[in-house]
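Summary of the model geometry
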Amino acid sequence: MSTHVQKPGWFTVNVFNRVVAWITRRGLSVWGSRVLAVRGRKSGEWRTTPVNLLTVDGEQYLLAPRGHVQWTHNMRAAGGGELRLGKKVDAFTAVEVADDDKVPLLRAYLKRWKAEVGVFFAGVGPDSPDEELRRIAPDHPVFRITVES
């Protein structure tokens, strides 16, 4: 498995993520934003971070543009979590998507959010050949989520 991680800069941590999370907690989605809550794999405490919820062919996915970050490790251990938008909380289970199945998901994610996260994809964009998307697939965990009813 890849160990690729791109740590966020000061502006992202202290301004951008906080603003997006604040708006999302108040019930306004910024281009599909949600606050992801997942239990810490060591502490068992809830950890939160803003994420972009991707929908492709009626299925929902969470994709980690920065690579194998803390929430992805916690998601693997917990097998699910919560997506929050305002007062609405959706509990879900998660299954990691195999690298070979990520190409259309990476393409869809980049089509929607390239302006926001394109810098984390090593020059690969939504119009890149499948081979380029396959090359970066191991660096970007993707989870198919199923909301519990």
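Structural data are supplied above this passage.
Everything in this summary refers to the structure shown in the same document.

Calculation rules
Residues numbered from 1 in each chain as written. Predicted model: local features only at pLDDT ≥ 70, side-chain atom pairs only at ≥ 80, totals over all residues. Heavy atoms only, no water. Helix = DSSP H or I, 4+ residues; strand = E, 2+ residues; numbered from the N terminus. Contact = heavy atoms within 4.5 Å. Areas by Shrake-Rupley, 256 points an atom, 1.4 Å probe, with all protein chains shown as cover. Pairing = 2+ DSSP bridges. Axes fitted to C-alpha atoms, helices over the stretch in contact; angles between N-to-C directions. Buried < 20%, exposed > 50% of the residue type's maximum accessible area, 1.4 Å probe, protein only. Polar contact = N/O pair within 3.5 Å; in protein donor to acceptor, adjacent residues only side chain to side chain. Core = buried A, V, L, I, M, F, W, Y, C linked by side-chain atoms within 4.5 Å. Arc of directions from axis to C-beta.

1. Examining the overall build of the protein chain
Secondary structure summary: the protein chain contains four helices and six strands in total. Starting at the N terminus and ending at the C terminus, the protein chain contains elements arranged as α-β-β-β-α-β-β-α-α-β. Taking all contacts inside the protein chain whose residues are at least 6 apart in sequence as the whole, residues at least 24 apart take part in 63%. Roughly 8300 Å² of accessible area belongs to the protein chain as shown, and the carbon and sulfur atoms make up 52% of that amount.

2. Things to note about the sheet that holds strand 1 (residues 33-39)
Spatially, 1-2-3-6-5-4 is the arrangement adopted by the six strands of the closed barrel, whose pairing is antiparallel. On average, adjacent strands in this sheet sit at an angle of 45° to one another, irrespective of strand direction. Judged from the four bridges that link them, strand 2 (residues 46-56) and strand 3 (residues 59-63) form a sheet pairing that is antiparallel. Paired with L53 across the two strands is L62, which belongs to strand 3. With respect to the sheet, helix 3 (residues 103-117) is in contact with strand 2, strand 3 and strand 6 (142-147), its orientation differing from that of strand 2 by roughly 115°.

3. As for unusual backbone geometry
In terms of backbone geometry, most residues other than glycine have negative phi values and most peptide bonds are trans. The phi torsion at D57 lies on the positive side, around 50°, for a residue other than glycine. Relative to the helices and strands, D57 resides in the loop between strand 2 and strand 3.

4. A word on the side chain of H68
Topologically, H68 is positioned in the loop between strand 3 and helix 2 (70-78). Given a relative accessible area of 5%, H68 falls into the buried group. A distance of 3.0 Å separates the side chain of H68 from the side chain of R76, its partner in a polar contact.

5. Topic: the pairing of strand 1
Sheet faces and side chains relate simply in a regular strand, where the side chains alternate between the two faces. For strand 1, the buried fraction is high: five of the seven residues fall into the buried class. In this sheet, strand 2 lies alongside strand 1 in antiparallel orientation, the contact comprising seven bridges. If you follow R39 over to strand 2, its bridge partner there is W46. The turn linking strand 1 back onto strand 2 is made up of six residues, and G44 within it adopts a positive phi angle of 80°. Bridge analysis of strand 1 against strand 4 (residues 80-85) gives three bridges, and the strand direction is antiparallel. The partner of L36 across the bridge, within strand 4, is L83.

6. Considering the nonpolar core
Counting 19 residues, the largest nonpolar core has L54, Y61, L105, L106, Y109, F121 and L133 as its most contacted members. No other element matches the seven residues that helix 3 contributes to this core.

7. Some points on the environment of A77
For A77, the location among the structural elements is in helix 2. Linking A77 and K42, residues 35 residues apart in sequence, is a C-alpha distance of 9.3 Å.

8. Topic: helix 2
Taken as a whole, helix 2 has its buried residues at W71, T72, N74 and M75. Down the axis, helix 2 shows its buried residues gathered within 160° of arc, on one side only. Each element contacted by the buried residues of helix 2 is listed here: strand 1, strand 2, strand 3, strand 4, strand 5 (88-96) and strand 6. At the C-terminal side of helix 2, G79 shows a positive phi close to 75°.

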